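As a plain string of letters, each chain reads:
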Amino acid sequence: KEGLNDLTFRATDVLGNEAFVNISFFLDSKKPRISRTLPIRDFSNGEFWIDFKEDNPELLALNYGNPTIGYRNLELDIENQCTLHRERYYCNADANLNDYDGQKMEYWFYLEDIAGHNHGSRHLTLDIDVTYPVIESLNYEIVGRNVNFDIGIIEENFEIVEFMDSSDLNPRWRTLCNRLKDGHCLGRKSFRSGIHNLAIQVIDEAGNSVSQPVSFTI
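**Some words on the pairing of strand 14 (residues 146-154)**
- For strand 13 (residues 134-143) and strand 14, the ladder comprises 9 bridges, and the chain directions are antiparallel. Bridge pairing in strand 14 links V134 to I154.
- Between the antiparallel neighbours strand 13 and strand 14 lie 2 residues, among them G144 with a positive phi of about 65°.
- Inspection of the sheet shows strand 14 paired to strand 17 (residues 184-190) by 7 bridges, in the antiparallel sense. Bridge pairing in strand 17 links G152 to H184.

**Describing the pattern of salt bridges**
- Under the criterion given, the structure shown has 7 salt bridges.
- In this structure, D99 engages R72 in a salt bridge whose closest nitrogen and oxygen atoms are separated by 2.8 Å. Linking D99 in the loop between strand 9 (88-94) and strand 10 (104-113) with R72 in strand 7 (residues 70-75), this pair joins segments that are 27 residues apart in sequence.
- Looking at R72, the relative accessible area reads 31%, which means it is partly exposed.

**Quick word on the nonpolar core**
- Core analysis: the biggest nonpolar cluster contains 24 residues, and F48, L60, L62, L97, Y107 and F109 have the highest contact counts within it.
- Those elements giving two or more residues to this core turn out to be strand 5 (47-53), strand 6 (57-66), strand 9, strand 10 and strand 12 (124-128).
- Looking at this core element by element, the count peaks at 4 residues for strand 10.
- If sequence neighbours within four positions are ignored, F48 has contacts with L38, P39, L62, C91, N92, A93, A95, L97, M105, Y107, F109 and L126.
- Ranked by size, the runner-up nonpolar core spans 18 residues in total, among them I135, V147, I153 and F216.

**Looking at the state of the cysteines**
- Tallied over the entire structure, the rule returns 2 disulfides.
- Paired through a disulfide, C82 and C91 show a sulfur-sulfur distance of 2.1 Å. Between C82 and C91 the sulfur-sulfur dihedral comes to about 110°; the bridge is accordingly right-handed. Residues C82 and C91 agree in their burial class; the two are buried.
- Residue pairing for C177: its cysteine sulfur links by disulfide to C185, the two sulfurs lying 1.9 Å apart. On the sign convention where negative means left-handed, the S-S torsion of about -135° between C177 and C185 marks this disulfide as left-handed. With respect to burial, C177 and C185 carry one shared label: buried.
- For the protein chain, numbering the cysteines in disulfides from first to last along the sequence yields the connectivity 1-2, 3-4.

Thresholds, definitions, all that
- Residues numbered from 1 in each chain as written.
- Predicted model: local features only at pLDDT ≥ 70, side-chain atom pairs only at ≥ 80, totals over all residues.
- Heavy atoms only, no water.
- Pairing = 2+ DSSP bridges.
- Helix = DSSP H or I, 4+ residues; strand = E, 2+ residues; numbered from the N terminus.
- Salt bridge = Lys/Arg side-chain N within 4 Å of Asp/Glu carboxyl O.
- Buried < 20%, exposed > 50% of the residue type's maximum accessible area, 1.4 Å probe, protein only.
- Core = buried A, V, L, I, M, F, W, Y, C linked by side-chain atoms within 4.5 Å.
- Contact = heavy atoms within 4.5 Å.
- Disulfide = S-S within 2.5 Å.

Written out as structure tokens, the structure reads:
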């Protein structure tokens, strides 16, 4: 049967003398199957994800690189970097992509089981961005219950500016602006009366983020 088999062989002669030999082995006839890898497009900052189905995984490796810098291999610790849920593994890998910053790079995963069966994911090409956004300035003006924000940002691959107000009953990230005008995020938000402690977060398209606190009273 599939999995661990533990056999005992017995030899007996006509006088009733016996000898025993034990043999244990794994039987794995099913090939591993990679279901999904992320990211699938656009940017990466070195964070990769994979989920796959395999009863007896032996080796999982992330391969990445380009012809200019070269190709590298990162072997994952399946036991510590993966979570098993309903017969499916979910894993994440963090690769140091500093040498590839600002370039295009391809990546793929390689999976092998205990019986030597293997499966490679499709090769995907991404833009690499490991440079964090820079908040150059953070200014605001209170007009009644409204606050006008002017945040100077340095980031080539800008995605969004969010804020979270810790004084809210249910604090959550809210969008302040999703585009820059001459390198500035210009946003206007309304707040209730009282003290407000905000976290301002700038995120780029690769997922790099930087935050800065700001407090004011309405």
